[in-house]
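# What the coordinates show
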Amino acid sequence: MHSAARITILLTLFSSPLYAAGPRLVAGPSYFNPGVMGQPIHWANGKVNYYVDPGPLSSTIPHAQAVAMVDSAAALWNAVPTAGVALVDTGTLNEDVSGANAIGGVSGNLQQPSDVAASATAYPVGVIFDADGSVIDAIFGPENSDPSNCEINGVMVWTDNIQPDATIAHAILLLNGRCTDTPARLQMMNFLLERAFGEVLGLGPAQVYPHAVRIGRSDLAQAWPVMQPQSGFCGPAGGTCISNSNTLQYDDIASINRLYPITSANLAAFPGKVLTVANTVALNGVITFRAGTGMQGVNVLAVPLDANGNPLVQYTVTAVSGAYFNGNHGNDVTGWNDTNGVPLSQYGSTDVTLQGSFDLGYMPLPPGMTSATYQISFEAVDPMFTYQMTVGPYLYGSPLPSGTLAPITVPNLGAGGAQTLTIHVADSAAGDYQDAISIQAAPRLLPASGFWSGRISQVGQTDWFNFPVRGNRTFSIITVAMDENGLPNGFKAMPAIGIWDAFDPVGAPSVGTSPGLNGYATGESWLRVTTDGDDIVRLGIADMRGDGRPDYAYNGWVLYADTVQPSRLPASGGPIVIRGMGFHAVDTVLVGGQPAQVTSISPNEITAIAPRAAAGVTGSVDVEVDDLPVYYAGAILTGGISYDSGTGDALNLVTAPANTIPIDVPIPFTVTALGSDLNPAGGVTVTFKVAGGNASLGCGRPTCSVTATGDGLATMNVTAADATASVVIASLCNGASLQAHFSGGTPPALSAITPSLSLAAGAILTWTAQALVLKNGAPVAGQLVAWQTTAGISTGSSPSATSAASGIASKTLTVGPLTEGQQATATACLNGTTQCVPFNSLGARPEFAWLEAVSGAAQSMAVTGAPALITLRVRDMDGNPMAGGAVTFHQSVYAWAPPCPPHGRCAQSQLLGVCRA
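From a predicted model like this one, the values you see are computed outputs, not experimental measurements. (Residues numbered from 1 in each chain as written. Predicted model: local features only at pLDDT ≥ 70, side-chain atom pairs only at ≥ 80, totals over all residues. Heavy atoms only, no water.)

Another point: the overall build of the protein. Per the secondary structure count, the protein includes seven helices and 56 strands. Over its C-alpha atoms the protein spans a radius of gyration of 49 Å, topping by over 25% the 29 Å that the globule rule assigns to 917 residues. Projected onto its principal axes, the C-alpha positions of the protein cover 175 × 75 × 55 Å. Each of the 917 residues in the protein was classed as buried or not, and the buried ones make up 50%. (Helix = DSSP H or I, 4+ residues; strand = E, 2+ residues; numbered from the N terminus. Rg over C-alpha atoms; globule rule 2.2 N^0.38 Å. Buried < 20%, exposed > 50% of the residue type's maximum accessible area, 1.4 Å probe, protein only.)

Next comes the structure, spelled out in structure tokens:
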């Protein structure tokens, strides 16, 4: 008896690799004992007892006739004189298995009745007669027994208990009674029984001239083996499936010989049979690339030649290279287990010496010949032979061979003779293809262009990349498998694509995968990815089978649109620039679903003219870059551009009229339009509307639109007409809005504190002009005072100032140079009204100016003392203070003189020197 855990592992053979032209299954490195890896799964000692259902096969086929059909099919295999096989009818099952007592189990097998369950090793092979199809329907689902599929469900077989020593312990043969309703279907069932016993024994399908009928070669069809992948000529209607269907062909015989040879050790157990090696010939060999990597999946045909060198095709024997090596290793992208969680390493050896080897051993010589010359030829396995029809080790179909494999002639092989062949082919993948040298823990940077060429040259190899992406982007990853001539090919590598967050730990499951060759174009695999936020992603490219060899080349391509500028357009459309990677010259652009006119394309940039917005369309729309339809490759910037304001755009208040504002005084209502990223939304339309009261807008209408400047600013002057409460709304077309609430009041008055300046002609001076804002005699803060100037006077970078708490608005003016008598005027106006005051500057004649001592003109000090500051005022000829005049100071030093006498003249002091400044 076997544990439930072990049976659960074994009940998955329908999704496991099948090995052809020889063993159906080969022990792998997991589950099986280490010493049996690479050995075919077989019955111990070759003796297999089978037990038949005691009931009828159908209403027209009684029990006895059904048993005779089963025994006849078994006898076909028993009759091979060089194979140690004995299929023995040992009696009946304990009950008539039917829909009333059949209970399906895991992976389409039986749990009840107990003598046909996987654990019933005392009944090694159970043969069930499903009279009405109810057992099939109970196991596989309703209508799976439908007779329209009799070439598939006429006879069903599965192996549901395999031991860790690579031996079979239990199998089931199930005959569908619904497929006996016509003589033709009954005839087909006899053939299907023969093939089913071959599967029970452990043989897989073989490819022998599958296209014989299509090319009109009926002689080749004579060599079709019982173990061919399909039902021969048969379809749902049945009939004669292959020529001589009651006879094993040489390919069948050689395959069973290899699995169950008669040796000196077991000869006594099979009376009447003969030693296999002494009565057959053998041709073994290996097909390798130049560097020694084995080439799997090549169908090798051995055809004996007659005395005239003509091929005796009816005696053809085949083998597939690498049949004992694992053909579905698993990979980092799609995983290491099958759909039932069973490790893909369970079947097939990992011994690299078996990777390209083929076994044409134990071939019978043609009748009447004691030796023969063989022609060895090589061909691809038909790509339609996959999954349950797999020929060779690959579950998903064998890759095409590379290079030229010319036929080889091996002369004069006599009984017991053997020869080993070594076939070398040149490495392929012409062109600049870089081997997958990076690992998951250290991916390489994706090329900036978005294009690269790679090669998966070793089993288990994966190509790893990383690259940054922005949020709300959809991009496509494309690979195209190439052949050795640099052309797209769907029968070489099967690149599977996986995507991860770059910060996920090594070994974490991918967030998205695509199987190999899932695209429409030849050799194409594709995956489309949508991002939630800004991120760095990790990209993995692996062969779907986990395989690798020198001719597994591919071209990779990421089509990704990163940014579009400008981010906002007027309704009339306009030029845009899309930046990203992977752009082709054939790419097209859609803006809001409408075609844009592409003007130039490079791998990283597309320039185009966006169309006019569709009727009624405002706000954010998608920008999409599409490649040729056959690739189904596209890149989308979701909401990447907007006609006017887009989704997430908002308004931020800068200044607005509030509370009580002066009547008839324009007050600016200024807002900043911001995008969802808080950057300025330049170019959007801001609409100002009087929603209540008697206010007026600067445009003279109740509703005005302003286009925001590049920094997002939009301004509209608002004027209160009276004391009525008013509301003005600033809004975007996406509904974002701000409101200003105010009412009118008495306007303030303006006066000049420093109204005039006398400036020496030719001089330049900065002059601080001050204007006082008063309301009802009190200073008013926060009032905007703007200066306008004439020639000879300027305000600098800003023409306005705001009154402080003192009510004073100060402005530094630059005055001059003025000519004599020239007048320059700066006019200060309050809040844009007509309340203005002048500030005049006059060019004065400095030659008529005079000095007035203010302080320090007469000083007395100690000898060691320092003089105090001397301050003088310069006045023009009219007595006004004059600015800009040049004043020259000089000092005269006289010698000491005695005091004046009481009578007479004072002594004159001697002039010692003059110092000018």
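Our next topic: the side chain of Thr672. Topologically, Thr672 is positioned in strand E35 (residues 667–674). With residues near it in sequence (within four places) discarded, Thr672 still touches Ala650, Leu651, Asn652, Val654, Asp711, Gly712 and Leu713. (Contact = heavy atoms within 4.5 Å.)

Before going further, it helps to spend a moment on helix H2 (residues 63–78). Taking 1.5 Å per residue, 16 residues should reach 22 Å; H2 reaches 22 Å between its end C-alpha atoms and fits that length. Among the residues of H2, Ala66, Val67, Met69, Val70, Ala73, Ala74, Leu76 and Trp77 are the ones counted as buried. In this structure, the buried residues of H2 make contact with strand E1 (47–52), strand E2 (86–92), strand E5 (125–130), strand E7 (168–176), helix H5 (183–201) and helix H7 (250–259). (Expected span 1.5 Å × (residues − 1).)

Per the stated rule, a full pass over the model turns up 19 aromatic pairs. Here the aromatic rings of Tyr31 and Phe32 are separated by 5.0 Å at their centres, their planes lie at 80 degrees, and the arrangement is edge-to-face. Look at Phe669 and Phe688: their rings are 5.4 Å apart centre to centre, the planes differ by 70 degrees, and that puts the pair in the edge-to-face class. Residue Phe669 is found in strand E35, and its partner Phe688 is found in strand E36 (residues 685–692); the two are separated by 19 residues along the sequence. According to the relative accessible area criterion, Phe669 is buried, its value standing at 0%. Since its relative accessible area comes to 0%, Phe688 is described here as buried. One Lys or Arg, Lys47, reaches over the ring of Phe270 and ends 5.8 Å from the middle of that ring. (Phe/Tyr/Trp six-rings, centres within 6.5 Å; stacked < 30°, edge-to-face > 60°. Lys NZ or Arg CZ within 6 Å of the ring centre and 35° of its normal.)

Quick look at the nonpolar core now. Burial of nonpolar side chains together is a common tendency in soluble globular proteins. Core analysis: the biggest nonpolar cluster contains 96 residues, and Trp77, Tyr209 and Tyr374 have the highest contact counts within it. Considering each element in turn, this core owes the most residues, 10 residues, to H5. Apart from residues lying up to four places away in sequence, Tyr209 is in contact with Leu220, Ala223, Trp224, Leu301, Val303, Val313 and Thr316. With 29 residues, the next largest nonpolar core counts Leu569, Ile576, Phe583 and Ile606 among its residues. (Core = buried A, V, L, I, M, F, W, Y, C linked by side-chain atoms within 4.5 Å.)

Now for H5. Given a rise of 1.5 Å per residue, 19 residues ought to cover 27 Å, and the 28 Å separating the end C-alpha atoms of H5 matches this to within 8%. Of the residues one or two after H5, Gly202 is the one with positive phi, at around 110 degrees.

Attention shifts here to the side chain of Asp627. Checked against the element boundaries, Asp627 lands in the loop between strand E31 (619–626) and strand E32 (634–643). The buried charged residue Asp627 lacks any salt bridge, with Arg528 as its nearest oppositely charged partner at 10 Å. Within the structure, the side chain of Asp627 is placed 2.9 Å from the side chain of His584, a separation counted as a polar contact. Excluding its chain neighbours within four sequence positions, the residues that come into contact with Asp627 are Trp557, Leu559, His584, Val586, Asp587 and Ala633. (Lys, Arg positive; Asp, Glu negative; His and termini not counted. Salt bridge = Lys/Arg side-chain N within 4 Å of Asp/Glu carboxyl O. Polar contact = N/O pair within 3.5 Å; in protein donor to acceptor, adjacent residues only side chain to side chain.)

For the rest of this paragraph, the subject is the pairing of E2. Bridge count between E1 and E2: six bridges; the pairing is parallel. Of the residues in E2, the one forming a bridge with Asn49 is Val88. The β-α-β motif built from E1, the intervening H2 and the parallel element E2 has right-handed crossover chirality. (Pairing = 2+ DSSP bridges. Right-handed = clockwise from strand over helix to strand, strands pointing away.)

With that settled, the discussion passes to the sheet that holds strand E48 (residues 800–802). If you trace the six strands from one edge of the open sheet to the other, you get E48-E46-E50-E51-E43-E54, paired in mixed fashion. The sheet terminates laterally at E48 and strand E54 (882–883), the two strands that pair on one side only. With five bridges joining them, strand E46 (residues 784–789) and strand E50 (residues 823–830) adopt antiparallel strand pairing. Each bridged residue has a counterpart across the sheet, and for Val785 the counterpart in E50 is Leu830.

Low-pLDDT portions of the prediction should not be read for the details of their coordinates. In this model, the protein carries a mean pLDDT of 90, and residues with pLDDT of at least 70 account for 96%. Considering only residues more than four positions removed or in separate chains, one finds that residues 1–20, a stretch of pLDDT under 50, has 77 contacts. (pLDDT = per-residue confidence, 0-100.)

Pairing in this open sheet of four strands is antiparallel, and the strands run E33-E35-E39-E37 from one edge to the other. The open sheet has two edge strands with one neighbour each: strand E33 (650–655) and strand E37 (696–697). Note: E35 against strand E39 (residues 713–719), six bridges, orientation antiparallel. Looking at E39, one finds that Thr670 is bridged to Thr715.

A side chain with one charge can pair with a side chain of the opposite charge if their charged atoms come near. One pass over the full model with this rule turns up 16 salt bridges. Between Arg545 and Asp543 there is a salt bridge; the shortest N-O distance is 3.0 Å. Salt-bridge contacts for Glu605 lead to Arg579; the nearest nitrogen and oxygen are separated by 3.2 Å. Here Glu605, found in strand E30 (residues 605–610), pairs with Arg579, found in strand E26 (residues 574–581); they are 26 residues apart in sequence, far enough to count as distant. Classification of Glu605 as partly exposed rests on a relative accessible area of 30%.

So, about the environment of Gln346. Structurally, Gln346 can be placed in the loop between strand E10 (317–320) and strand E11 (357–364). Each C-alpha atom, one on Gln346 and one on Phe32, is 7.4 Å from the other, the two residues being 314 residues apart in sequence. A distance of 3.1 Å separates a polar atom in the side chain of Gln346 from a polar atom in the side chain of Tyr347.

Moving on, we get to the state of the cysteines. Put plainly, two cysteines are in a disulfide when a covalent bond ties their sulfur atoms together. As enumerated under the stated definition, the model contains four disulfides in all. The disulfide bridge from Cys150 ends at Cys179, spanning 2.0 Å between sulfur atoms. Here the S-S torsion is close to -90 degrees, and the disulfide linking Cys150 with Cys179 is therefore left-handed. Taken together, the residues Cys150 in helix H4 (residues 150–153) and Cys179 in the loop between E7 and H5 connect sequence positions 29 residues apart. No difference in accessibility class separates Cys150 from Cys179, as the two residues are buried. Cys733 forms no disulfide, and the closest cysteine sulfur to it belongs to Cys704, at a distance of 17 Å. (Disulfide = S-S within 2.5 Å.)

What follows is about the environment of Gly450. For Gly450, the location among the structural elements is in the loop between strand E16 (444–445) and strand E17 (451–455). Non-local contacts of Gly450, meaning those with residues more than four positions away in its chain, are made with Gly556, Trp557, Val558, Met581 and Gly582.

Another aspect to go through is unusual backbone geometry. With an omega dihedral of -5 degrees, the bond running from Gln112 to Pro113 counts as a cis peptide bond. Relative to the helices and strands, Pro113 resides in the loop between strand E4 (110–112) and E5. Cis geometry is found at the peptide bond from Gly816 to Pro817, where omega equals -5 degrees. Mapping Pro817 onto the fold places it in the loop between strand E49 (808–815) and E50. Not every positive phi belongs to a glycine, and Asn412 is a case in point at roughly 50 degrees. Looking at where Asn412 falls in the secondary structure, it is placed in strand E13 (residues 408–414). Unusually for a residue other than glycine, Tyr632 sits at a positive phi of about 50 degrees. As for its placement among the helices and strands, Tyr632 is situated in the loop between E31 and E32.

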